[in-house]
Amino acid sequence: MDRRRAAALAGLAGVTVAAALLEAVIRAGWISPLIIAPPSSLPGAFAKLWREGFVLRPFALTIAQAFAATALAALAGIPWGYWLWRRPALGAAYEPWIGAAFAAPTILLFPLFLVIFGRGYATTIFVGFLAAVIPVVLKTREAFLGVPRVLLEVGRSLHLSAPALARRIAFPAAVPGIFTGLRLGLIYALVNIIGMEFLIDFGGLGRIVSEMYFRYEIPAMYAAILLIVAVSWTFLAALARLETWLRPR
Amino acid sequence: MAETALTRAAGGPSVLRPTRVSLIRAVTLLALLGAWELLARSGWLYEGVVPPLEKVVAACVQLLLTPAMYRHLGVTAWEVAAGFALGFAAGVACGVPMGAGRFFGDAVGPYVDAFATAPKIIFLPIAMLLFGTGIGSKLALGAASAFFPVAINTAAGVRQIDPVLARVGRSFRLSAWQMATRIYFPALRRSLVTSMRLAFGLAVVGVLLAEIKLSSAGLGFLANEYYTRFRVPDLYAVLILVFALAVGANSLMGRLARRF
Amino acid sequence: MSIGRSTFACAIAAVVLSSAAVAQDKVRAAVGQRGNWDTLVISQGVEAGFFKRAGIDVDITWTRGGAETMQALITGSADLNIANGILGAIGAIAKGAPVKIVSAQFTGASDLYWYVKAASPIKSMTDMGGRTMGYSRPGASSQLVALSLAAHARVRPQLVAAGGIPDNRTQVMSGQIDAGWAVPHFNLDLVNEGKIRVIARGSDVPALADQTVRVNLASVKFLTEKRDVARRFMKAYYDSIEWMYANPDRAAAFFAKFNDVAPEIARQTAPSFPKQALAPWPVRGLKRNLDEALEYKQLDKPLADQDAQALLFDFVYLPK
């Protein structure tokens, strides 16, 4: 058996053993099932969530918001990243700020957005947009900076105007890097939006966790949390796969 | 012709006067502040949600003069520090075996990655069920936020350690403890320091978000109180303070990192 | 000599026994919705000395209501859960939570009101057809009362889960929803400044007055191991309510000071909380509550009245 597959099976076995131990401990009464849901209750809880419409529609809502936020980030971020490259003075001026913004916890400002935009999609998508736009800008600029000089010199030797040079040579060469930025932006947007949905009790998947906790439906709450873990991870894995598939060689 | 990246790439002059950069920054800052003031006084948004700058500044000053704020700051600082320390220690403790044992790492890795991707705030209800709705759950959130980047980076760091080093250690018949302290730890230092910075930043965010959602003390609690009572300038003041502290702590960590 | 010694011994005994008698039992109460008129009962009672006289030292933790308070009770970090929604209480107990309802906390809907911006053309509920009307979250009393108000006025507004009181305020003032909900003392400053107008109150629907919406719960552990303390606590709670309504000026003054609001606001708040609304017993409208619990998925299957009473209630104290 190939080593990776063996490891995957071992991991699965480990998780199963841990779940069985947890189940035993809860049934023995050492931990209250109202604190940690017994693993055996999870499939039933998930089925209940599905029946009550707490899976598909919230999932679609969350994903839609993530895409909307990323689209806005692309609309704003790609031109911005391009101009930061095209005008080095701007790039030099703003780069440290953008680097700082990348590390900055903008989601902490969400009560302000709540106050300004109200409790709705505007706030969640705005937070997603802020999270996504910074990597898009950074990666776009990086992508343009990474265009081989040789290509640009060839273009110049053909007497292409600056805009034509940008459009025909620089931009196509920068596309893979821009795509990386969009991919990063999408995952950041998704994660931040789920977090916001939980925090403000609104929207898709994140709201479900909050709702189940509020209703004291503990198994359903755990099921919703695991669902979010699965969704975030699948998204990340799928995007990574997509990128390697799109990039030749 | 204006200086552009295209001309520079083709071999044009490449000196940018530093004052030009500062000018751009200054103009941008003034423009942003001006736009703010315009928005605040325009009446376009519901009055009060974007207060004029003077009100915000006054609220900031007022906040710094409020003794109760320092008590909340202390609570938050404790939750961040203790949570980060716990998460970091646990992250290293898990990351080393994950990196050292290839099979173990491959088996456990996907699950760690999966939980790492999810927003940690959704684990808050579990933390509250386990540790109550007080300081314990905020600490747990800080620890959970710090744990993942440290575990993943440490595992990667361990995997990248030159096997020669390990062989040298074994040829000297070093005990496990000596291997850890004399061989692995120094080799890991850089990766640990990098992940420390990221983990600390995430711990700050994790703790504060948890406080905003549900707490009875801390700066996040204060923010929520001001939001609930619609004391908007005070809300801005607290969040500016929180933001400044987070950024400050982050750059401090960065400076410490560079020292090592 | 022996008389002197025994007198001395008696004196020591007297001191020891009297301090034991004065020793206070510690009770931890988790209370939702900090500072509301109805949730301040215990604080008022502590201030007036009822709990001390009952030999109880109350430790109050203010929570954001709902699951937080219930959880504190279930995990044992609180002995009592004050002001929990009755539907949530029914749901938790039906799921096996080791807690019991010890009294009603609020009956009726007189505390809830809906308001619009001053400039709005809406004058009353009858104008609300097709308009957006905010409530907090699905299954909460604000939603149920909104539905009742709409049915009573024979209109069909568009109900929106707009969130808590501050969320509703922002959304009404910025025009995102037409009418928002609140309870006094919140937003009374806006009313007094003429910026908003009240268009409906929970008390507009008389039928709502007979339904208990919030209850007080205690853990089964507390009720079993410290039953006498629980009884004394509930007696002090009852006495505190009696005192509040016998001394309205002092109660209003305490309320104003606690919430850091003007005395005028306190005086405007009190009428929304009539004494019968705070009456701890009986718990009213059980059948209706059970039906709603089923409808809003707090209960998985119907619960008969008789079974419900045995399952849900443990009135450790009842006034004569």
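Source: prediction; values computed, not measured. Numbers given for residues are sequential positions, taken from 1 along each chain in its written order. The lettering of chains begins at A and the numbering of ligands begins at 1, in the order of writing. The model is predicted, so local features are restricted to residues of pLDDT at least 70 and side-chain atom pairs to those at 80 or more, both for listing and for counting; the totals for chains, interfaces and linings are taken over all residues.

### Concerning the overall build of chain C
What counts is decided by this rule: The secondary structure listing takes helices from DSSP runs of H or I that are at least 4 residues long and strands from runs of E that are at least 2 residues long, numbered from the N terminus. Any two residues are considered in contact once their C-beta atoms, placed from the backbone, lie within 7 Å.
Each helix and strand counted, chain C has 15 helices and 10 strands in total. Judged by the C-alpha coordinates and their principal axes, chain C covers about 95 × 50 × 30 Å. Put simply, 80% of the contacts in chain C that link residues at least 6 apart link residues at least 24 apart.

### Quick word on unusual backbone geometry
Residue and element names in this part refer to chain C. Cis geometry marks the peptide bond from Pro 184 to His 185, where omega comes out at 20°. Within the secondary structure layout, His 185 lies in the loop between strand 8 (180–182) and helix 8 (188–192). The linkage connecting Trp 281 with the following residue, Pro 282, adopts the cis geometry, with an omega of 0°. Counting through the fold element by element, Pro 282 comes out in the loop between helix 13 (275–278) and helix 14 (286–295).

### So, the domain arrangement of chain C
Residue and element names in this part refer to chain C. The condition that has to hold: Residue ranges labeled as domains rest on an automatic or database domain assignment. Only Asp, Glu, Lys and Arg are considered charged, only Ala, Val, Leu, Ile, Met, Phe, Trp, Tyr, Cys and Pro nonpolar, and every remaining residue, Gly among them, polar.
Assigned domains within chain C: domain 1 (21–108 + 211–312) and domain 2 (113–209). Summarising the inter-unit geometry, the C-alpha centres of domain 1 and domain 2 are found 26 Å apart. Among the elements that take part in the side of domain 1 that touches domain 2, helix 12 (residues 263–269) stands out by supplying three residues, more than any other. Tallied by class, the residues present in the side of domain 1 that touches domain 2 amount to five nonpolar, nine polar and one charged.

### Here we look at the sheet that holds strand 9 (residues 196–201) of chain C
Residues and elements named next belong to chain C. Going by this rule: Strands pair, by our definition, only if DSSP identifies at least two bridges between them. Whenever a helix is involved, its axis is fitted only over the stretch in contact; in every case the axis is a line through C-alpha atoms, and angles between N-to-C directions fall within 0 to 180 degrees.
With antiparallel pairing, three strands are arranged side by side in an open sheet as 8-5-9. Taken across any chain shown, the strands that pair with only one partner, and hence form the sheet edges, are strand 8 and strand 9. In this sheet, neighbouring strand axes are inclined to one another by 40° on average, regardless of whether the strands run parallel or antiparallel. Examined bridge by bridge, strand 5 (residues 113–117) and strand 8 share three bridges and lie antiparallel to one another. Bridge assignment links Tyr 113 to a residue of strand 8, and that residue is Ala 182. Against the sheet, helix 7 (residues 165–173) contacts strand 5 and strand 8, and its axis sits at roughly 145° relative to strand 8.

### Examining the packing of helix 3 (residues 53–64) of chain B against helix 11 (residues 232–259) of chain B
The relative placement of two packed helices comes down to the angle between their axes together with the axis-to-axis distance. All names here are of chain B. Rules: Angles are sorted into four bins: roughly parallel if under 35 degrees, roughly antiparallel if over 145, roughly perpendicular if 65 to 115, and oblique for all others. For any pair of crossing helices, the crossing counts as left-handed if the nearer helix is rotated counterclockwise from the farther one by less than a right angle, and right-handed if it is rotated clockwise.
At a minimum axis separation of 8 Å, helix 3 and helix 11 run at an interaxial angle of 65°. By the angle between their directions, the pair helix 3 and helix 11 is classed as roughly perpendicular. Considering the relative orientation of helix 3 and helix 11, their crossing is right-handed. Facing helix 3, whose interface residues are Lys 55, Val 56, Ala 59, Cys 60 and Leu 63, helix 11 presents Pro 233, Asp 234, Tyr 236, Ala 237, Val 238, Ile 240 and Leu 241. Along the lines of polarity and charge, the residues of the contact of helix 3 with helix 11 split into 10 nonpolar, no polar and two charged.

### Some words on the environment of C:Ser120
To keep things clear, this is the line we draw: In this scheme the burial state of a residue depends on its C-beta neighbours within 10 Å: 20 or more other such atoms mean buried, 12 or fewer mean exposed, and anything in between means partly exposed; the C-beta positions come from the backbone.
Here C:Ser120 lies in the loop between strand 5 and strand 6 (132–135). Taking the number of C-beta atoms within 10 Å as the measure of exposure, C:Ser120 has 17 and is therefore partly exposed.

### Description of the packing of helix 1 (residues 3–27) of chain A against helix 5 (residues 102–117) of chain B
The interhelical angle for the contact between helix 1 of chain A and helix 5 of chain B, taken along N-to-C directions, is 60°, at an axis separation of 8 Å. The angle between helix 1 of chain A and helix 5 of chain B places the two elements in the oblique class. As for the relative orientation of helix 1 of chain A and helix 5 of chain B, their crossing is right-handed in sense. From helix 1 of chain A, A:Arg4, A:Ala7, A:Ala10, A:Gly11, A:Gly14 and A:Val15 reach across to helix 5 of chain B, where they touch B:Phe103, B:Asp106, B:Ala107, B:Val108, B:Pro110 and B:Tyr111. For the contact of helix 1 of chain A with helix 5 of chain B, the class distribution of residues is eight nonpolar, two polar and two charged.

### Structural notes on the nonpolar core
Defined as follows: Among buried residues, those of type Ala, Val, Leu, Ile, Met, Phe, Trp, Tyr and Cys that are joined through C-beta atoms within 7 Å form a set called a nonpolar core.
A:Ala132, A:Ala189, A:Val209, A:Ala224, B:Ile122, B:Ala146 and C:Ala179 are the most contacted members of the largest nonpolar core, which has 240 residues in total. When neighbours within four sequence positions are excluded, A:Ala132 is seen to be in contact with A:Ala69, A:Thr70, A:Ala73, A:Gly185, A:Leu186, A:Tyr188 and A:Ala189.

### Points about helix 4 (residues 67–74) of chain C
Residue and element names in this part refer to chain C. Within helix 4, eight of the eight residues are buried, leaving the element largely enclosed by the surrounding structure. Among the residues of helix 4, Ala 67, Glu 68, Thr 69, Met 70, Gln 71, Ala 72, Leu 73 and Ile 74 are the ones counted as buried. Just downstream of helix 4, Gly 76 is the residue with a positive phi angle, here 85°.

### Let's talk about the pairing of strand 5 of chain C
Residue and element names in this part refer to chain C. With respect to burial, strand 5 is a largely interior element, four of its five residues being buried. Taken together, the five bridges between strand 5 and strand 9 define a ladder with antiparallel strand orientation. Opposite Trp 114, over in strand 9, you have Ala 200 as the bridge partner.

### Digging into the confidence of the model for chain C
Selection rule: One confidence number per residue, pLDDT, is output by the predictor and ranges from 0 to 100.
The predicted model of chain C has a mean per-residue pLDDT of 89, with 93% of residues at 70 or higher. At the level of chain-chain contacts, confidence expressed as ipTM amounts to 0.87, with global pTM at 0.85.

### Thoughts on the interface of chain A and chain B
Taken together, the contact between chain A and chain B spans 47 residues of the former and 52 residues of the latter. Going through the elements one at a time, helix 1, helix 3 (56–86), helix 4 (88–103), helix 5 (110–117), helix 7 (149–157), helix 8 (162–200), helix 9 (205–214) and helix 10 (218–246) of chain A are the ones with two or more residues in the side of chain A that touches chain B. Here the side of chain A that touches chain B is built from residues that sort into 36 nonpolar, five polar and six charged.

### Some points on the sheet that holds strand 2 (residues 56–63) of chain C
All names here are of chain C. Strand order across the open sheet formed by five strands is 2-1-3-10-4, with mixed pairing between neighbours. Lying at the two open borders of the sheet, with one neighbouring strand each, are strand 2 and strand 4 (99–107). Each strand of the sheet is rotated relative to its neighbour by a mean of 25°, with strand direction disregarded. With three bridges connecting them, strand 1 (residues 25–32) and strand 3 (residues 80–85) associate as parallel partners. Bridging across to strand 3, Ala 29 finds its partner in Leu 80.

### Quick notes on the interface of chain C and chain B
Counting from both sides, the interface comprises 14 residues of chain C and, opposite them, 12 residues of chain B. Breaking the side of chain C that touches chain B down by element, the ones donating at least two residues are strand 2, helix 4 and helix 7 of chain C. For the side of chain C that touches chain B, the element with the highest residue contribution is helix 7 of chain C, accounting for four residues.

### Some words on the domain arrangement of chain A
For chain A, the assigned domains are domain 1 (1–31) and domain 2 (37–246). Just the C-alpha atoms count here: the centres of domain 1 of chain A and domain 2 of chain A sit 33 Å apart.

### Some points on the environment of C:Ser141
All names here are of chain C. Its location among the elements puts Ser 141 in helix 6 (residues 141–153). Each C-alpha atom, one on Ser 141 and one on Leu 87, is 9.0 Å from the other, the two residues being 54 residues apart in sequence. Beyond its immediate stretch of four places on either side in the chain, Ser 141 contacts Gly 85, Ala 109 and Val 213.

### Some remarks on helix 2 (residues 18–42) of chain B
All names here are of chain B. Note the following rule: In this analysis, the expected span of each helix is defined as 1.5 Å times one less than the number of residues it contains.
Its 25 residues give helix 2 an end-to-end C-alpha distance of 36 Å, which sits within 8% of 36 Å, the value for a rise of 1.5 Å per residue. Summarising burial for helix 2: one of the 25 residues are buried, a small minority. Taken from the residues just after helix 2, Gly 43 is the one with a positive phi, measuring 80°.

### Digging into the environment of A:Ala60
On the secondary structure map, A:Ala60 appears in helix 3. Between the C-alpha atom of A:Ala60 and that of A:Lys48, which follows or precedes it by 12 residues, the distance is 18 Å.

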